[in-house]
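What the coordinates show
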Amino acid sequence: MIVSWNTTNQCNMYCDHCYRDAGAKANEELNTEEGKALLDEIKKAGFKIMIFSGGEPFMRPDIFELVEHSKKLGLITVFGTNGTFITPEVAQRLKALGVDGVGISLDSLDKEKHDKLRQLEGAWEGAVQGMKNCREAGVPFQIHTTLMDWNWNEAEAITDFAIELGAKAHHFFFLVPTGRAKNIEEESLRAEQYEDILTRIMKKQQEVDIELKPTCAPQFMRIAKQMGMNLRFGRGCLAGTSYCIIGPKGKVQPCAYMDMEVGNVRETPFSEIWADSEVFKNLRTMEYKGGCGSCGFKKLCGGCRARAAFYNEGDYMAEEPWCLYQGRKGF
């Protein structure tokens, strides 16, 4: 079970595709004591993996104190970051605290393209230097790439670059139009492209030793099964079943890309929200509509619930729009 906490809305970048619409620090973000209490609740609810993200988590002054508390609770503690704040000193501190992994975003091998998406000159150099600093300190790191119509042909090359740098994994994120990403919806891939790139990624996985994992494209589980591959993952879409996200001010959502509040940790303990939310309970039924409901792979895949909601007027149980299969189409 995995939970992500957007520890702050503050960020040194203004990325075109940011689901959080990050930039300025939000008013009334959870304070240190509230953050520690939240971590206690996350442990109580049975979660195992704690992701500190943002905005940019390293812009939060108490981040190392929160990480220390997470580790004391026995949580597998990892980061999602743009990497630019990971100096050699920060990397050494992460190592000393026992941080289990750091995910650093890199969206192109072309520095100008990456920097343009991130709206910050030098973003590419900062990310790569952050990776190198992790490597030198002995902190495991992986690369995160958001795939869109202008960089999807780079996927395998970025994997090769990840291997060259010493990354433990390369995770691919598929654009969901939420937050600022609504403004670039036309850059998202469509069904035929999904089938193509996911097949390519799975073929690449057969050739390399590091882990390759698509996110927000749960049909990769069906494709891997059809290719005779046995991956370690139990399911494609985890929203509300074994994953959720908490915003800077305590808002709980099924996933980062489903902009619906199912509770707030300032009003209700997180463990109770996780157990009792009607949205979570509904997602756990897997009673999907359309092709997803009739698909033989629905338990393995689940369809992207966030994308279903966006393209179906908020109906998160609707059919995933960018799948060729769905038990009936295209095969």
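Look up: the structure comes first, before these words.
Since we're looking at a predicted model, the values are computed, not measured.

**Description of unusual backbone geometry**
Residue Gly 55 follows Gly 54 across a cis peptide bond; omega there is 15 degrees. Structurally, Gly 55 is set in the loop between β2 (49–53) and α2 (63–72). In this structure, Glu 313 takes a positive phi of about 55 degrees despite not being glycine. Within the secondary structure, Glu 313 is located in the segment after α12 (305–311). Assessed through its relative accessible area of 84%, Glu 313 is described here as exposed.

**Considerations on the side chain of His 170**
The residue His 170 is located in strand β6 (residues 169–174) in this model. Among the polar contacts listed, one links the side chain of His 170 to the side chain of Thr 145, at a separation of 2.9 Å. One polar contact links His 170 to Thr 159, side chain to side chain, over a distance of 2.7 Å. The residues touching His 170, leaving out its near neighbours within four places in the chain, are Ile 143, Thr 145, Ala 155, Ile 158, Thr 159, Ile 210, Glu 211, Leu 212 and Lys 213.

**Some remarks on the pattern of salt bridges**
The final tally for this structure, using the stated rule, is 17 salt bridges. In this structure, the salt-bridge partner of Arg 266 is Glu 34, at a minimum N-O distance of 2.9 Å. Placement of the pair is Arg 266 in the loop between β10 (263–264) and α9 (270–276) and Glu 34 in helix α1 (residues 32–44), with a sequence separation of 232 residues. Arg 266 sits in the partly exposed class, given a relative accessible area of 37%. Note that Lys 204 and Asp 160 form a salt bridge whose closest N and O atoms lie 2.8 Å from each other. Of this pair, Lys 204 sits in helix α7 (residues 191–205) while Asp 160 is found in helix α6 (residues 155–165), placing the two residues 44 residues apart along the sequence. Judged by relative accessible area, which is 38%, Asp 160 ranks as partly exposed.

**So, the environment of Glu 272**
Summarising the element assignment, Glu 272 is placed in helix α9. Residue class for Glu 272 comes out partly exposed when judged on its relative accessible area of 41%. It is 8.0 Å that separates the C-alpha atoms of Glu 272 and Ala 45, two residues lying 227 residues apart in sequence. Setting aside residues up to four positions removed in sequence, Glu 272 forms contacts with Glu 41 and Ser 277.

**A few points about the sheet that holds strand β1 (residues 2–6)**
The sheet built from ten strands is open, its strands ordered β7-β6-β5-β4-β3-β2-β1-β8-β9-β10 with mixed pairing. Single-partner strands in this sheet number two, and they are β7 (211–215) and β10. Examined bridge by bridge, strand β5 (residues 141–147) and β6 share six bridges and lie parallel to one another. Each bridged residue has a counterpart across the sheet, and for Thr 146 the counterpart in β6 is Phe 173. Where helix α5 (residues 123–137) meets the sheet, its contacts fall on β4 (101–105) and β5, and the angle it forms with β4 comes to roughly 165 degrees.

**A few points about the packing of aromatic side chains**
Counted by the stated rule, this structure contains 14 aromatic pairs. Taking the centre distance of 4.8 Å and the plane angle of 65 degrees together, the rings of Phe 47 and Trp 274 count as edge-to-face. Linking Phe 47 in the loop between α1 and β2 with Trp 274 in helix α9, this pair joins segments that are 227 residues apart in sequence. Judged on exposure class, the residue Phe 47 and its partner Trp 274 are both buried. Among the aromatic residues, those joined into a ring-pair cluster are Trp 5, Phe 52, Phe 58, Phe 64 and Phe 79. Arg 284 extends its terminal NZ or CZ atom over the ring of Trp 274, reaching a point 4.4 Å from the ring centre. Lying over the aromatic face of Tyr 288, Arg 305 brings its terminal NZ or CZ to 4.2 Å of the ring centre.

**Overview of helix α10 (residues 278–285)**
What α10 keeps buried is the set Val 279, Phe 280 and Leu 283. The buried residues of α10 occupy an angular sector of 100 degrees when the element is viewed end-on, so they sit on one face. Where the residues of α10 are buried, they touch β8 (243–246), β9 (251–253), α9 and α12. Met 286 sits one or two residues past α10 and shows a positive phi near 60 degrees.

**Observations regarding the packing of α6 against α7**
Their axes nearest at 10 Å, the elements α6 and α7 cross at an angle of 30 degrees. Our classification of the angle between α6 and α7 gives roughly parallel. Between α6 and α7 lies a crossing whose hand is right-handed. On the side of α6, the interface is formed by Ala 155, Glu 156, Thr 159 and Asp 160, while α7 contributes Ile 197, Arg 200 and Lys 204.

**Re the side chain of His 114**
As for its placement among the helices and strands, His 114 is situated in helix α4 (residues 111–118). Setting aside chain neighbours within four positions, we find His 114 in contact with Ser 105, Leu 106, Asp 107, Ser 108, Ala 123 and Trp 124.

**Here we look at the pairing of β7**
Walk down a regular strand and you will see the side chains alternate between the two sheet faces. Burial analysis of β7 places five of its five residues in the buried class, the great majority of the element. Examined bridge by bridge, β6 and β7 share five bridges and lie parallel to one another. Across the sheet, residue His 171 finds its bridge partner in β7, namely Lys 213. Remark: the β6/α7/β7 crossover connection has right-handed handedness.

Parameters and conventions
Residues numbered from 1 in each chain as written. Predicted model: local features only at pLDDT ≥ 70, side-chain atom pairs only at ≥ 80, totals over all residues. Heavy atoms only, no water. Helix = DSSP H or I, 4+ residues; strand = E, 2+ residues; numbered from the N terminus. Buried < 20%, exposed > 50% of the residue type's maximum accessible area, 1.4 Å probe, protein only. Polar contact = N/O pair within 3.5 Å; in protein donor to acceptor, adjacent residues only side chain to side chain. Contact = heavy atoms within 4.5 Å. Salt bridge = Lys/Arg side-chain N within 4 Å of Asp/Glu carboxyl O. Pairing = 2+ DSSP bridges. Axes fitted to C-alpha atoms, helices over the stretch in contact; angles between N-to-C directions. Phe/Tyr/Trp six-rings, centres within 6.5 Å; stacked < 30°, edge-to-face > 60°. Lys NZ or Arg CZ within 6 Å of the ring centre and 35° of its normal. Arc of directions from axis to C-beta. Parallel < 35°, antiparallel > 145°, perpendicular 65-115°, else oblique. Left-handed = near helix turned anticlockwise from the far one by under 90°. Right-handed = clockwise from strand over helix to strand, strands pointing away.

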